[in-house]
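This is what each chain is made of:
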Amino acid sequence: MAKAETPERRDSVTCPYCGLYCDDLSVEVAGGRVAVTAKGCAIATDSFARATASAAAPRIAGRDASLEAACARAGEILGGARMPLVAGLACDLAGAKAAVSLAERIGAAVDHAGSDAMFRNVLAMQDKGWMTTTFAEVKNRADLVMVAGTDVVSRFPRFFERFVWTQDSLFGPAPAREIVYLGSGLDTKAGAAGGGRKPEVIACDTTRLGEVFRALRALYRGVPLQADRVAGAPKAALAALAEKIRGARYGIVVWSAADMEGPEGELGVEAICDLVTEANETTRFAGVPLGGNDNGLGAAQVCTWQEGFPLRTSFAHGHAEYDPHLYSWRRMIESGDADAVLWVSAFRAVALPFETAAPVIVVGAPGASFAREPEVFVPVGTPGVDHAGHVIRSDAVASLPLHKLRDSDLPRVAEVLRRIEAEAASRLGDR
Amino acid sequence: MLTKLSGGRVYDPAHGVDGEVRDLFVKDGRLVADPGTKPDKVFDLSGKVVMAGGLDIHSHVAGGKVNIARALLPEEHRENQRVRENGRRAGTGTATATCFLTGYRYAEMGYTAAFEPAMVPVNARQNHIEMCDIPIIDKGAYVMLGNDDYFLRLLASKADPKRIADYVAWTLHATQALAVKVVNAGGISAFKFNGRKLDLDEAGPHYRVTPRQILHTLARAVHDLGVPHPLHVHGCNLGLPGNFETTLKTMAGVEGLPLHLTHVQFHAYGAEGDRKFSSAAAQVAEAVNRNKNISMDVGQIMFGQTVTASGDTMAQHRNRRHANPNKWVCMDIECEAGCGLVPFRYRDKNFVNALQWAIGLELFLMVEDPWRIFLTTDHPNGAPFTSYPHLIRLLMDRAFRNEMLGTIHKDAARASALGAIGREYSLYEIAILTRAGPARTLGLTDRGHLGAGAAADIAVYTEYADKERMFAKPDLVFKDGELVVRDGHVVAETWGGTHVVRPEYDRAVEKDLRGYFDRYLAMRMDHFAFSEAELADQNRFRALVHGTREGGGS
C-alpha cells in the first residue's frame with residue numbers, strides 16, 4: 001500500500017471550468033488528485049476530481065508514439081491538407097495564440113468549440129453594437145436583474161451567490177434587487193433572495209425572446225400593443241416590467257447565448273440589446289452576456305488582436321477571410337469541406353462533438369474516449385491544474401491567472417501546436 | 001559587434017545637434033562614443049537625415065477597447081489587408097490594425113515605441129499580453145485612475161494624500177504601467193449614476209467630489225511619487241462647443257503642478273458663430289505658452305474613416321448619434337472605468353469636421369515651445385497613426401497646408417486663422433515633437449536621443465522637398481542596434497520591451513485593498529496584480545524599468 005501523502009492545501013485557486021473563472025477556491029492536492037474543499041460549485045468539484053494525472057502517451061493511429069513523432073505526423077497531415085480546420089480551441093491564451101499562428105501558417109480556418117453560441121452575440125454586436133457591464137458593477141449597482149431565457153446557474157453556478165446575493169455594496173447595503181425571469185421551464189430557485197423573496201417569472205417561449213423584448217421595448221416607449229400575449233407572455237406582465245425598467249436605477253439583462261438556441265437566437269440577443277440601449281435614454285441599463293466557457297472569449301480575442309476577426313476566419317486564400325457562416329467548424333465538418341481537423345480540448349477529457357471521415361488530430365486532456373480513434377492524439381496538461389495560464393472571463397474585460405496545482409509531465413497546448421506548426425511548415429516551404 | 005553609421009546629417013535635439021554631419025557608433029544595441037577600433041559594419045549615410053526612432057506618446061494600440069473596436073468593424077479589416085510574407089505575420093485594419101501590423105507599420109515609419117494611453121486596471125494583464133504581440137517596437141501603458149470607486153472613496157473621506165499616493169503607486173506596480181491617465185475625471189463614474197454631464201467644479205454623484213479635486217489630487221500624487229510623466233489628462237466636456245473654458249480652468253486648477261493635457265484639439269472649441277462652433281485654439285495655445293507646467297499633445301484629425309475609442313463613456317454615449325457606420329459600444333467596467341467605441345467618418349466638407357482639422361493645426365502652430373507639444377492623432381480617434389507623414393508635411397510646408405485649407409468646407413476655412421499662420425516646422429523641431437520631447441516627458445532617459453548610452457533606436461531618411469514622402473519611408477531603421485527596416489519594409493522581426501515605472505510606496509496600503517477586493521470586487525487582489533514573471537512566461541514580456549525623478553517616493 002502506498003504511503004499516504006499529506007494533502008497540500010491551496011487557497012485562492014482559479015477554477016478553469018466555466019466562464020466565471022471564480023478565483024477564491026480552496027483545494028487539497030494529494031497524489032496528483034485535486035479535491036475542492038471550499039467555494040466549489042458542482043461543476044468545479046466534479047471537474048477537478050476528474051482531472052486525472054494520467055501518464056498518457058501520444059498515439060498515432062491508436063499506437064503509442066513519441067511526442068516528436070505525433071507532432072510530425074500531425075504536421076504531415078495538416079501540411080498536406082487543402083482545407084484544414086484548427087478548432088476546439090478549449091485552452092489558455094497561450095494555446096489560442098499558437099492555434100491562430102498555426103492556422104495562419106498552414107492556411108486553415110480557425111474556430112472555437114462554443115462558437116455557435118458565441119456568434120449569436122458576435123453577430124448582434126457587429127450589427128448594432130451594444131451596452132454591457134461587468135460583474136463588479138452588477139454586484140454593486142444592479143437593482144433590477146432581468147434574466148432572459150436561462151436559469152443561469154446550470155452553466156454559471158455561482159453567478160447569483162457571488163454577484164447578486166451579496167450583503168453590502170460600495171454605496172451602502174446591497175440594492176434591494178428585483179429579479180425577473182423571462183422564459184419557459186426555468187428553474188428559478190437561485191433567483192430567490194436569502195430572505196425567501198421569490199423572483200417574478202414571466203412565462204414565455206424562450207425561442208421567441210426576440211418578440212418578447214421587442215414588445216417590451218414598445219411598451220417602454222409607450223407604444224400601445226394590440227396583442228394580449230407575446231410569445232406566451234401576458235401583456236399586463238410586460239407592461240408592469242416596462243414600468244420597472246423606467247424605475248430602475250441600474251438595470252441589467254442577463255442572458256446566456258448558449259441557452260438561446262433555435263434560428264432566432266441572434267435576433268433575441270439583438271432585441272435584448274435594443275431594449276438596453278433604449279432604456280439608457282432615461283436611466284442606466286446594461287447587458288450581461290454570460291459566456292466564455294472553455295476560454296471561448298479568450299480564443300476570440302486572440303484571433304481579433306492577431307487577425308482582426310473574432311474567429312470563423314480562414315487563411316486558405318493567403319489572407320484573413322472572415323465569414324461567420326462559411327467558417328463555422330460545425331458547417332465545415334458536416335459539409336465535408338474540411339479535409340483535416342485539428343481539435344484542441346485541454347480543459348476536460350470529453351468525446352469529440354463530431355464525426356468525420358477526414359483525418360483528425362486531437363490535442364486534448366488525457367482520458368478521453370473516442371468513438372473512432374483519431375489519427376493523432378497528443379495528450380496535454382490541463383491549464384489551471386497541470387500548468388499556469390490565462391483565461392478571459394465572461395464579461396470580456398478581466399483576465400484571470402490559472403495556477404499550476406500539481407506536477408505533470410504533459411506538455412502545454414501552446415508547446416504542442418508550435419511543434420506541429422514547425423513540422424507543417426517544413427513541408428509547406430517559405431510563406 | 002561594432003557598427004558605424006557614417007556621415008549622416010544628425011538631428012538630435014536632446015544634445016542640441018541640428019543637422020550636423022556626424023558619425024554614430026553602435027555596439028551591443030547601444031550608441032557608444034567612437035571606440036577608435038575598426039567597425040565590423042559600416043553604413044554610409046552621406047546626405048541622409050538621421051534621427052532617433054520616433055515615440056508615439058498617445059496611441060490606442062491595444063487593450064480591451066481597441067479589441068472591441070476591431071471586433072465591431074469587420075468591414076474595416078476586410079478592406080485593409082496585408083498578407084503573410086517572408087515569415088512576417090498577416091494583418092488587417094488601419095484605424096484598428098492588428099498587433100503584428102501595428103508593429104510593422106510603426107517601424108516602417110521610423111517609429112520605435114508607442115504608448116497605450118488608456119489601460120483599464122482590471123484589463124491590464126490582457127492589455128500587456130496583447131501588446132506582447134506587437135513586434136519590433138517598445139510599448140508602454142498609462143493606467144486609468146480617477147473614476148475608480150476606491151480612489152473616489154479615499155478622496156471623499158479626505159484621506160491622507162500620502163495614502164492616495166501609495167494607492168497610485170501600488171496600481172502602477174500591479175498593472176506594470178509607465179504613467180497615470182485620468183479620463184473625464186469623475187465623469188465615467190457619474191455616467192454610471194446616470195449623470196450625462198459633469199463640469200470641472202460640479203460635485204459628482206454619491207461622492208460629491210469635483211473633477212477639479214480629482215485632477216489636483218492625482219496630479220499631486222503622481223508628482224510626489226516622482227513618476228516622470230505628469231498626470232496625463234483627458235479633460236472634461238470632450239467635444240462640446242465652448243469647452244475651451246474648461247480646458248483653461250483645468251490648467252489653472254492644478255496650481256502649478258505638472259500636467260499633460262492630451263488630444264487638446266478635442267478640448268479647444270468655442271461656441272461662436274452661426275453654427276455655435278468655433279476655434280479657441282488661440283486662447284488654449286496662449287495659456288499653454290504661459291503655463292510652463294503644462295504639456296500637451298494635439299490629437300489631430302484627418303479626413304476619412306476611423307473609429308473613436310475612449311474610456312470616456314459619458315462623451316461616447318453622447319456621440320452615439322454620429323456613429324458611422326451606425327453601430328457603437330459602451331461599457332461600464334468593474335467599478336473603475338468604462339469604454340466607448342463609436343465609428344466615425346471625418347468629412348472635409350462638413351463644417352465641424354473641417355474646423356476640427358484646422359483647430360488641430362492651429363494648436364501645433366501657435367504653441368511656441370516644441371518641447372511641450374507632441375505629435376499625435378490620438379490614434380485612432382483623430383486618424384490612424386499612419387497619417388503622421390502627411391501631418392508632418394502639413395506642419396513643415398505652408399504652401400501645401402494652404403492648398404489643403406482651400407479644399408475644406410469654405411466657412412470652416414474662413415473661420416480659421418490657419419491661412420494667416422506662416423510658421424513652418426523645421427526638421428529639428430519635428431525631431432523634438434516626435435522623439436526628444438516624448439522621451440523626456442516620459443522619463444525614458446535612454447530613448448529619443450543619439451548620445452552615448454542611448455538605445456540604438458535610429459531612423460534614417462532621405463530628405464525630399466515633399467516631407468510626407470520623406471517620413472513615409474525611411475531608408476533604414478535600427479531597433480536596439482538591429483537593422484529592422486530597409487527602404488520602408490520590415491526586414492527583420494525583433495521584439496521590444498515594455499517601459500514601466502515602479503515608484504517606492506508603503507505596502508501597508510495592500511491590507512485595506514485586499515479587503516476591498518474581497519468585499520466589493522469580483523476577483524482577488526492577488527489575481528488583479530501580476531508580476532513580470534507571470535507575463536514573461538509564454539508572452540515575451542520584458543520590462544524596461546525607469547527610475548523616478550529625484551526627490552520622488554511616497
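When helices and strands are tallied, chain A shows twelve helices and 24 strands. Its C-alpha atoms give chain A a radius of gyration of 23 Å, near enough to 22 Å, the size a compact globule of 431 residues would have. Dimensions of chain A, computed from the C-alpha atoms along their principal axes, are close to 65 × 55 × 35 Å. Buried residues in chain A amount to 61% of all 431 residues. Of the contacts formed within chain A by residues at least 6 apart in sequence, a portion of 66% connects residues at least 24 apart. Put simply, chain A shows about 15300 Å² of open surface, and 50% of that area lies on carbon and sulfur atoms. Considering chain A, the positive charge centre built from 46 side chains and the negative charge centre built from 53 side chains are found 3 Å apart.

To continue, consider the domain arrangement of chain A. Residues and elements named next belong to chain A. One can read the domain layout of chain A as domain 1 (8–46), domain 2 (56–115 + 294–428) and domain 3 (132–279). Taken over C-alpha atoms, the centre of domain 1 sits 25 Å from the centre of domain 2. Residue-level contacts link 15 residues of domain 1 with 18 residues of domain 2. Approximately 1300 Å² of surface area, both sides summed, lies buried where domain 1 meets domain 2, with 59% of it carried by carbon and sulfur atoms. Seen at the junction of domain 1 and domain 2, the total is zero salt bridges. For the pair domain 1 and domain 2, the number of links is seven residue pairs in polar contact (both at pLDDT 80 or more). Of all the elements in the fold, those that place two or more residues in the side of domain 1 that touches domain 2 are strand 1 (8–13) and strand 2 (25–30). In terms of residues, the side of domain 1 that touches domain 2 owes the most to one element, strand 1, which gives three residues. Considered class by class, the residues forming the side of domain 1 that touches domain 2 number nine nonpolar, four polar and two charged.

All names here are of chain B. Burial analysis of strand 11 (residues 179–183) places five of its five residues in the buried class, the great majority of the element. Here strand 11 shows no split at all, with Ala 179, Lys 181 and Val 183 on one side and Val 180 and Val 182 on the other all buried. By the bridge criterion, three bridges tie strand 10 (residues 138–144) to strand 11 in an arrangement that is parallel. Directly across from Met 144, in strand 11, lies its bridge partner Lys 181.

Every contact between the two is made by 69 residues of chain A and, on the other side, 65 residues of chain B. Together chain A and chain B conceal approximately 5700 Å² of surface at their shared face, both sides included; 49% is due to carbon and sulfur atoms. Linking chain A to chain B there are twelve salt bridges. Among the ionic pairs, Arg321(B) bridges to Glu281(A), the shortest N-O distance being 3.4 Å. Across the chain A-chain B interface, the total number found is 56 residue pairs in polar contact (both at pLDDT 80 or more). The class makeup of the residues in the side of chain A that touches chain B is 25 nonpolar, 23 polar and 21 charged. By the bridge criterion, four bridges tie strand 8 (residues 129–132) of chain A to strand 18 (residues 328–333) of chain B in an arrangement that is parallel. Its bridge partner being in strand 18 of chain B, Trp130(A) is matched across the sheet by Val329(B).

Once that is clear, we can look at helix 10 (residues 296–307) of chain A. Residues and elements named next belong to chain A. Here helix 10 contains twelve residues, and its C-alpha end-to-end distance of 16 Å stays within 8% of the 16 Å for a straight helix at 1.5 Å per residue. Summarising burial for helix 10: twelve of the twelve residues are buried, a large majority. Every buried residue of helix 10 is listed here: Gly 296, Leu 297, Gly 298, Ala 299, Ala 300, Gln 301, Val 302, Cys 303, Thr 304, Trp 305, Gln 306 and Glu 307. Gly 308, located one to two residues past helix 10, shows a positive phi value of around 95°.

In this section: helix 8 (residues 235–247) of chain A. Residue and element names in this part refer to chain A. Relative to the 18 Å expected for 13 residues at 1.5 Å per residue, helix 8 spans 19 Å between its end C-alpha atoms, a close match to the ideal helical length. What helix 8 keeps buried is the set Ala 237, Leu 238, Leu 241, Ala 242 and Ile 245. Angular distribution of buried residues about the axis of helix 8 spans 145°; they occupy a single face of the element. Exposed residues pointing more than 90 degrees away from the buried face of helix 8 are listed as Ala 236, Glu 243 and Gly 247.

Now for the pattern of salt bridges. A side chain with one charge can pair with a side chain of the opposite charge if their charged atoms come near. Under the counting rule described, the total for this entry stands at 82 salt bridges over all chains. Between Asp537(B) and Arg412(A) there is a salt bridge whose closest N-O contact spans 3.0 Å. Of this pair, Asp537(B) sits in helix 20 (residues 532–539) while Arg412(A) sits in the loop between strand 24 (399–402) and helix 12 (413–428), placing the two residues on different chains. Overall, Arg412(A) belongs to the buried group, its relative accessible area being 16%. Salt bridges sharing partners connect three or more residues here, namely Lys128(A), Arg214(A), Arg217(A), Arg221(A), Glu270(A), Asp274(A) and Glu278(A).

This part covers the layout of surface pockets. Residue and element names in this part refer to chain B. Size it by volume and the second largest pocket reaches roughly 580 Å³. Taken together, 33 residues make up the lining of the second largest pocket; nearest its centre are Gly 239, Asn 319, His 322, Phe 344 and Gln 356. When contributions to the lining of the second largest pocket are tallied by element, the ones reaching two or more residues are strand 11, strand 17 (304–310), helix 11 (313–318), strand 19 (337–346) and helix 12 (351–366). Per element, the largest residue contribution to the lining of the second largest pocket is four residues, and it comes from strand 19. Residue composition of the lining of the second largest pocket, grouped by class: twelve nonpolar, 16 polar and five charged.

Glancing now at the confidence of the model for chain B. Chain-level pLDDT for chain B is 97 on average; 99% of the residues reach the 70-or-more range. In the predicted complex, the global pTM is 0.97; the interface-specific ipTM is 0.97.

Turning our eyes to something else, we now look at the sheet that holds strand 19 (residues 321–322) of chain A. All names here are of chain A. Strand order in the open sheet formed by nine strands is 5-4-22-21-20-6-7-18-19, and the pairing between neighbours is mixed. In this open sheet, the two strands that pair with only one neighbour each are strand 5 (63–64) and strand 19. With respect to the sheet, helix 2 (residues 67–80) is in contact with strand 4 (59–60), strand 6 (84–90), strand 20 (340–345), strand 21 (360–364) and strand 22 (376–379), its orientation differing from that of strand 22 by roughly 135°.

All names here are of chain B. In the sheet, strand 22 (residues 476–479) pairs with strand 23 (residues 482–486) via four bridges, with the strands oriented antiparallel. Bridging from a neighbouring strand, Phe 478 pairs with Leu 483 of strand 23. Turn length for the strand 22-strand 23 hairpin, with the two strands adjacent in sequence and antiparallel, is two residues, and the turn residue Asp 480 shows positive phi of about 45°. Alignment of strand 23 against strand 24 (residues 489–490), held across two bridges, turns out to be antiparallel. Bridging across to strand 24, Arg 486 finds its partner in His 489. Where strand 23 hands over to strand 24, the hairpin turn is made up of two residues, of which Asp 487 adopts a positive phi near 50°.

With that settled, consider the environment of Pro173(A). Among the structural elements, Pro173(A) can be located in strand 11 (residues 172–173). Residue classification places Pro173(A) among the exposed residues on the basis of a relative accessible area of 70%.

Conventions adopted
Residues numbered from 1 in each chain as written. Chains lettered and ligands numbered in written order. Predicted model: local features only at pLDDT ≥ 70, side-chain atom pairs only at ≥ 80, totals over all residues. Heavy atoms only, no water. Helix = DSSP H or I, 4+ residues; strand = E, 2+ residues; numbered from the N terminus. Rg over C-alpha atoms; globule rule 2.2 N^0.38 Å. Buried < 20%, exposed > 50% of the residue type's maximum accessible area, 1.4 Å probe, protein only. Contact = heavy atoms within 4.5 Å. Areas by Shrake-Rupley, 256 points an atom, 1.4 Å probe, with all protein chains shown as cover. Lys, Arg positive; Asp, Glu negative; His and termini not counted. Charge placed at Lys NZ, Arg CZ, Asp CG, Glu CD. Domains from an automatic or database assignment. Buried area = accessible area lost by both parts, 1.4 Å probe. Salt bridge = Lys/Arg side-chain N within 4 Å of Asp/Glu carboxyl O. Polar contact = N/O pair within 3.5 Å; in protein donor to acceptor, adjacent residues only side chain to side chain. Nonpolar A, V, L, I, M, F, W, Y, C, P; charged D, E, K, R; others polar. Pairing = 2+ DSSP bridges. Expected span 1.5 Å × (residues − 1). Arc of directions from axis to C-beta. 1 Å grid on protein atoms, 1.4 Å probe; cavity = no way out; pocket = protein on both sides within 12 Å on 5 of 7 lines; lining within 4 Å. Points joined across faces, edges and corners; volume = space filled by probe spheres on them. pLDDT = per-residue confidence, 0-100. Axes fitted to C-alpha atoms, helices over the stretch in contact; angles between N-to-C directions.

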